Amino acid sequence: MTETFQILIADDHPLVRGALKQSLTTELDNVTVYEAGSLFEAIEQIEARKGDIDLVLLDLHMPGMNGFTGLFSLRASYPDIPVSIVSASQELPVVRRSIEYGASAFVPKSAPVDQIGLAVKTVLDGGMWMPDWAREAMENGPADDEATGLAEKIGQLTPQQLRVLNMLTEGKLNKQIAYELDVTEATVKAHVSAILRKLSVHSRTQAVIIARELQLQEPAIDA
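This is a predicted model, so every value here is computed, not measured.

S.K.: Pulling in residues and values, what's your account of the environment of serine 89?
M.R.: Its location among the elements puts serine 89 in the loop between strand S4 (83-87) and helix H4 (92-100). As for serine 89 and serine 23, which are separated by 66 residues in sequence, their C-alpha atoms are 19 Å apart. Engagement of the side chain of serine 89 in a polar contact is seen with the backbone nitrogen of glutamate 91, the distance being 3.4 Å.

S.K.: I'd like a description of the UniProt feature "modified residue: 4-aspartylphosphate" (unreviewed entry) in the protein, backed by residues and values.
M.R.: Feature annotation in UniProt places "modified residue: 4-aspartylphosphate" (unreviewed entry) on Asp59, given in this structure's numbering. By relative accessible area, aspartate 59 is classed as buried at 1%.

S.K.: An account of the environment of histidine 13 is needed here, citing residue identities and associated values.
M.R.: Within the fold, histidine 13 resides in the loop between strand S1 (5-10) and helix H1 (14-27). When the C-alpha atoms of histidine 13 and alanine 36 are compared, they prove to be 9.6 Å apart, with 23 residues separating the residues in sequence. Within the structure, the side chain of histidine 13 is placed 3.2 Å from the side chain of aspartate 12, a separation counted as a polar contact.

S.K.: Would you mind going over the nonpolar core in detail, with residue names and values included?
M.R.: It is characteristic of soluble globular proteins that their nonpolar side chains tend to be buried jointly. Of all hydrophobic cores here, the largest spans 54 residues; its most connected members are Val56, Leu58, Tyr101, Ile154 and Leu165. Once you skip the residues sitting within four places of it in the chain, leucine 165 turns out to touch Ile154, Leu157, Ile195, Leu199, Ala207 and Ala211.

S.K.: Tell me about unusual backbone geometry, and please be specific about residues and values.
M.R.: With a phi angle near 60°, aspartate 182 is a residue other than glycine that sits in the positive phi range. With respect to the secondary-structure elements, aspartate 182 resides in the loop between helix H9 (174-181) and helix H10 (185-199). Assessed through its relative accessible area of 71%, aspartate 182 is described here as exposed. Phi is positive for serine 200, close to 60°, though the residue is something other than glycine. With respect to the secondary-structure elements, serine 200 resides in the loop between H10 and helix H11 (204-212). A relative accessible area of 53% places serine 200 in the exposed class.

S.K.: Residue-level account of the pairing of S4, with values.
M.R.: By the criterion of burial, S4 is predominantly enclosed, with five of the five residues buried. The two faces of S4 match: Val83, Ile85 and Ser87 on one face and Ser84 and Val86 on the other face are all buried. Crossover connection from strand S3 (residues 55-58) via helix H3 (residues 69-77) to parallel S4: handedness right-handed. Bridging between S4 and strand S5 (residues 105-108) involves four bridges; their strand directions are parallel. By the bridge assignment for S5, serine 87 is matched with proline 108.

S.K.: Tell me about the sheet that holds strand S2 (residues 31-36), and please be specific about residues and values.
M.R.: Strand order across the open sheet formed by five strands is S2-S1-S3-S4-S5, with parallel pairing between neighbours. Strands at the two margins of the open sheet, each flanked by one partner only, are S2 and S5. Adjacent strand axes in the sheet meet at a mean angle of 20° when their direction is disregarded. Along the sheet, H1 contacts S1, S2, S3 and S4; its crossing angle with S2, the most-contacted strand, is approximately 170°.

S.K.: Report on the pattern of salt bridges, specifying residues and quantitative values.
M.R.: Evaluated as defined, the whole model comprises five salt bridges. One salt bridge in this structure joins glutamate 180 and lysine 172, with 2.8 Å as the shortest N-O distance. Its relative accessible area of 43% is what places glutamate 180 among the partly exposed residues. Among the charged side chains, a network of salt bridges with common partners joins Asp11, Asp59 and Lys109.

What counts, and where the lines are drawn
Residues numbered from 1 in each chain as written. Predicted model: local features only at pLDDT ≥ 70, side-chain atom pairs only at ≥ 80, totals over all residues. Heavy atoms only, no water. Helix = DSSP H or I, 4+ residues; strand = E, 2+ residues; numbered from the N terminus. Polar contact = N/O pair within 3.5 Å; in protein donor to acceptor, adjacent residues only side chain to side chain. UniProt positions renumbered as here; feature names shortened; annotations may be inferred. Buried < 20%, exposed > 50% of the residue type's maximum accessible area, 1.4 Å probe, protein only. Core = buried A, V, L, I, M, F, W, Y, C linked by side-chain atoms within 4.5 Å. Contact = heavy atoms within 4.5 Å. Right-handed = clockwise from strand over helix to strand, strands pointing away. Pairing = 2+ DSSP bridges. Axes fitted to C-alpha atoms, helices over the stretch in contact; angles between N-to-C directions. Salt bridge = Lys/Arg side-chain N within 4 Å of Asp/Glu carboxyl O.

Written as structure tokens, this is what we have:
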């Protein structure tokens, strides 16, 4: 019996989701596609299917992502589900950081259908994929030690600590964070202390500065 793959497309542009869905159904024989327009909706879809999602195609710029923070959150919450970044950006630093921060693939939104299919098949087979130009540049260019070090630090945070850090970058106080997460202020303080320790910093301000390194500028053209 042929396995049916369950793939979640998370992008806030319906036309992009439609194009990606058509690419998947064209290139894969047995696939069920789900859609989400924000990080929150993506998490809802994953939870509704009890972790049966085989792959997430993730846009870096949709609501709730806050740059690479959303990628870290998904990888921390669902480490067994591979994530492929699908982005309008084709800048090497963005590709490099996507891979460093846990993505199994980076696919430009402008990629032809057969390349999208190849990328998805490669990841479903347990591999990694990126455009040839990006692979060659990463293999032949200098290592990005800063991105690697940041990935190691942020990767230590739990999903809840990532949520707290994200709220710190929004300037929210402990009381506000506690209300939104439905926990006590003491719990928030404990999370903040753990965040500072894991990031090797001594203040909330320093933690926010590190977190903002995960943010991204919107691509000039976002199809």
